[in-house]
Structure formats: structure tokens, C-alpha cells
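# Observations on the three-dimensional arrangement
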Amino acid sequence: MPASRMLLIGPIVVALLSPCATALEPEPPGTIGIRQPLQDHWFLKSSFLAGDDGAAISTVGFQGQDWYATHVPSTVLNALVRNGVYPDPRVGLNSFRIPDASDEFNKKHDLAKYSHLPNQRNPWEDPYWYRTEFDLPAWLQGRHLWLNFKGINYRAEVWTNSKRVAGPKEMVGIYRRFRFDITDRVRPGKNCLAVKIHGVDHPGKPDTQLKPLGPSRTYHKKEIQKDVTYPVAVGYDCMPPIPDRNMGIWQDVLLEWTGPVRIGDLFVRTQLPLPDTSRATIAVSVDLENASDAPVRGVLRGRIAGTQLRFEQPVALPPKATRQVDVKPDLVIDHPRLWWPRNYGNQNLYTLKLEFEADAGVSKHAEPRLSDVRTVTFGVRTVGRELYKRGDHYGLRLLVNGQRIFSQGGWLQPELLFDMPAKRVEAEVRYLTEANLNTVTFEDVPVPSEAFLDACDRHGLMYWISFYGTYWIDPATNWPLDHELLAQCGADVLKRYRNHPSVMLYSCVGEGMPSEDIYRRWRKDVTTLDKTRLFIPTIDVRVKAPWIDQDLPEPQRQDRFGEFLLALVEALCRRRH
């Protein structure tokens, strides 16, 4: 694993208990496509103290005592640190004043005495409740309300107004989004949302680095690797163990409301007829979801701001069905404003606005009705590569818009408690590019916040997504246990980030060898969902296996023991072994 790291550390704020609710500003009838974050006025408590009655806890006006005020996103430990329950583990040896998820580790280092729960109970053994109340306007009636989670860890049970929305068997995995239609569970006025968060199934036992020049911590072949979570949370040579293993609602929670048809994941693909850059082809595809019990006909409309490009396409959707719609014909932009990496040109961006208008007859309205609106930002650019040889070594050059790019950068490590506010993320990305770095990756967490990649797009910082970290999906263990869940997470990562022009390359793992089943499924999703980026099995030049041969350049296939030096890898990787 490379040694170059960046920590995104946000300010420590103690939240005060407040009865205020998250309010949604009233909007006039006819407004559609609103997406409202639920960020503030959350409260948190261990289910060991609060109990397991989701129906009661998710009731408006529920009178809970001694709940900790927090916001979302926030892990459980981050919320408790902000409330002064535990010291900040990012300072000194404070992590040894917080009980760990491993009882064996606690016993060895006498950490149970620090528990805030009665009888020195392990504070991470039980799930935690997150709870908030919010207002909805009267004009919500007749529309569909969706509840969206950008990221939870590790399992969740969701309740709204005393009704169960989802359980921990279907809502599991750190690297995927979740969306629920809660139309029949809410009402105009005050509503309540309660989320019960479970920690990882296999927390593992951490190592220590308390002896100078002694052995380092490792997460290799630890129990935590059995779960589709953040394996490094058990500790590694670059970071201490995270006592709660980052359990919590660690990314945004959003409400959105639509008509019968919702605009889902979309993809804007750009292509230049290189070496000619005087025109660009734009291909648009979008998932349309009919949430109603009746078939819906309507029109998908789109326009690209700052251009004359418009399109309309009729669509028919069966009841309760999702369909991918490919806009035909492809759009063409003359003399496009290209997106370039830092120091190679401007970071020009375009905005596509999509609308779906349902025909009459899908509601009580006699006229066509706007069902959903969505915008997406994209850049016009093409990624390519060329193989070259220097002495006895082979390398790969990255090309953007046909021009060779000298990649300069390193690996970023997620902030210890996943405390990454957008303002701090923006500053960190700006610092990197002002230092003339132009390429980074998160090695162990493939799902940075939208704020991070938006900043990369604006500042020209090229990003490499390493899907499954380092030394995790090893053939020797074939972990994690649930390959289907891992594949679902990988596909969702592709759909979530593929419109960002800053994303240049996908790798299945950072270091080590991907196991056959996992790699084949990942490769199928990459080639199906996004063919516009480069992809490689692993950055590790030492690995060899027949299932990755087809994706290795010819020189490496001929001699797997020879070094295959990627120019991109030279810039990104500083080997510590």
C-alpha cells in the first residue's frame, strides 16, 4: 500500500440537544424534482438504552431521554466524540481511552472501563438509533416521496411514522446507495424518521504499534474482510483501529418527490474524433422508473445549457418497472469547450437538464404533468492510452483528448472518522492542485462524497477509483463472504460516478490479486456500464493469474515476472514494502 496520504479532518463541534425539526420550505403547486437533504436536528442513542421498539421511536413526539444531538452524515463514534462522551481518537493515544469493537482487544488493554454504557458493556455491540423529525408541505399529496441514503455502515433498519420501511437483511453494505418509496408512510405536516444502524458482522481483532520499530498493524486476513465494509477500520500501519469500525450514517440522507415516473441513474458519454477536436458526439442514456400501478406514456426532454442542443423522445413504461432509455440520435456539439486536467487547459463543464412529462390520464389532472426533473454536470473529453518501452521496461501513457498527460500525485486515505465536510473537501482539493498535483485516488474507500468529485471536476484533479482496496479480495481467502453484495456495490459505484470527467481509470484492487469470481463479475460490470475509462485488474506488477491475462498488455502476458511499469502507477504508487 502506498505511503502517501492525506487526512481530511473536520472541526470538532459539540452538538446541543434541540427540539427543532428539519423544515422543508413550502413550494407552490407544480414544483417537482426537489431534493432536500436531511442534515440537521438528528439525535442518537444506543439501542441497549433506547430499546428496539422502532414503531415507538419513530412516532412523532416520542419523548426520549438523554439522546445525543448530531447531524448527518456522521458515524456513531464521531457523534459521541462531538458530544464529549469519548476523547478524539485522532489525538495522541486517545484511541486507548475508547473501548474497541473487539472484546478480546478490550480485555488485553483494559479498555472496557471507559465504556459509557452500564456494567462496562461494549458500546459497539448493540445497534444505534438515529432519529429526526421533519415537516412536509400539503402539496406533497398526489406525488411520490423517496427516501435516499448515500451510504450507511453496515446494516440498517428504517422506520417512518411507526411503519417499517426496510430491514438489515436488504439494507447492507458500505459502498452502495439505498432508495425507498415512502409515499404511503408520510403525511403533510410533521413526520418522523428513525434509522437503526448495526455495526459490521465481523469486527476483527486489531493489532497495535506500541513497540518502537516493532511489528506494524495489519488488516490482512482479519475477520473484518469477510464483510463488504472498510477493512482498514481494524487498523493498519498508516492508521490506528477505529473503535466502532465507522458504523453509522456516513453519507447524506435525502428526500425527493416526483410524479409517477422518477428519473434515475443517467450517463452522458462524450467522444471526440481524434485528432479532430472541433466537434464532439454526446450519447445520453437514463433509467426511468414507473412507481405507479398503471402503465405510463410520456415524453423525455433534455437540453444542454449554453448550446442549442435539445431533444424529445416518447417513452412508454409498464407499471412498477424501470427501463433504460437511450436517446437517439446522438447529439453533436460543434467546437466544444473541452475539459482538461490541471495545467493542460481549462476545466470546462456542461449541464444537461432532463424532464419527464407524463401524458394525461396518469393522475387526476387532465393535462400532461411534469413528473421529474434532473440535472447532471459533465465534461467533454476522451481518455486514451498508448504503450511504450524504455529499456527493458514497458509502460502505459495516459492520454486526455489525444494529448499525453504527465500524472503527478499520490494516494489519499479517508479521514479517520469519515468527518469530511464539503468546505474542507473543497479546500483540500484546491491545495493539491495549487501544489501542481493532478492525480489522486482513495485506495481503500471507492465512494468519496459527491462534493469531493465535484471539486475534482472543477479543479482538474484526475481521479482513479480503486474498487476493492488492497490485499482484500485475495484468492487465498476468497473474501468477502457475500460476492453478490460486493458485485452490487461495484455496479452502484460505476453508476454513481461515471458522469464526472475527472474520473480517468478503474482498478479492481490496489495491490494484490483479485480472486477469479470477483474479478470476472467486476470486469463484466465495467465493460457493460462504462467503456469510456481505462481499467486494469491491479497495480501490482508481481501478480499472475489466467483470469486477468486478457487485460494485461502483450509484454506482460509474455513475461509475467517482468516489470510492467505504468506511467500512472509510477506517479501514484510509492511502495512501502
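Residues numbered from 1 in each chain as written. Predicted model: local features only at pLDDT ≥ 70, side-chain atom pairs only at ≥ 80, totals over all residues. Heavy atoms only, no water.

## Some remarks on the side chain of Asp88
Quick note on the threshold: Runs of H or I in DSSP of at least four residues are treated as helices and runs of E of at least two as strands, each being numbered from the N terminus. In the analysis that follows, any N or O atom pair within 3.5 Å is treated as a polar contact, provided that within protein one partner can donate a hydrogen and the other can accept it, and provided that, for residues neighboring in sequence, both atoms belong to side chains.
Looking at the secondary structure, you find Asp88 in the loop between helix H3 (76-82) and helix H4 (103-109). A polar contact of 2.9 Å, which involves the side chain of Asp88, links it to the side chain of Arg90.

## Here's the deal with unusual backbone geometry
Selection rule: Whether a residue is buried, partly exposed or exposed follows from its accessible area with a 1.4 Å probe, protein chains only, as a fraction of its type maximum: under 20%, in between, or over 50%, in that order.
A cis amide bond links Leu274 to the next residue, Pro275, at an omega of 10°. Here Pro275 shows up in the loop between strand S15 (261-271) and strand S16 (279-290). With an omega of 0°, the peptide bond running from Trp479 to Pro480 counts as cis. Inspection of the secondary structure assignment puts Pro480 in the loop between strand S28 (462-466) and helix H7 (483-497). Even without a glycine there, the phi angle at Arg245 is positive, about 55°. By secondary structure assignment, the location of Arg245 is in the loop between strand S12 (189-198) and strand S13 (248-249). Exposure remark for Arg245: the relative accessible area of 0% places this residue in the buried category. Non-glycine residue His335 carries a positive phi angle of around 50°. Here His335 is to be found in the loop between strand S20 (331-334) and strand S21 (350-358).

## Looking at the sheet that holds strand S29 (residues 503-507)
Applicable threshold: Strand pairing requires that DSSP identify at least two bridges connecting the strands. In this description, a line fitted to the C-alpha atoms serves as the axis of each element, helices being fitted only across the stretch in contact, and the angle between N-to-C directions of two axes falls anywhere from 0 to 180 degrees. Any pair of residues with heavy atoms lying within 4.5 Å of one another is described as a contacting pair.
Read across the sheet, five strands follow the order S26-S27-S28-S29-S30 without closing on themselves; strand pairing throughout is parallel. What marks the edges here is a single partner per strand, and that holds for strand S26 (409-412) and strand S30 (534-536). With direction set aside, neighbouring strand axes in the sheet form an average angle of 20°. As paired elements, S29 and S30 share three bridges and run parallel to each other. The residue of S30 that forms the bridge with Tyr506 is Phe535. Set on the sheet, helix H8 (residues 516-529) makes contact with S29 and S30; between it and S30 the angle comes to about 175°.

## With respect to helix H5 (residues 422-434)
What counts is decided by this rule: Take the residue count of a helix, subtract one, and multiply by 1.5 Å to get its expected span.
Helix length check: H5 (13 residues) gives 18 Å between terminal C-alpha atoms against 18 Å at 1.5 Å per residue, within 8%. By the burial criterion, the buried members of H5 are Val425, Ala427, Glu428, Val429, Leu432 and Thr433. In this fold, the buried residues of H5 make contact with S26, strand S27 (439-442) and helix H6 (450-459).

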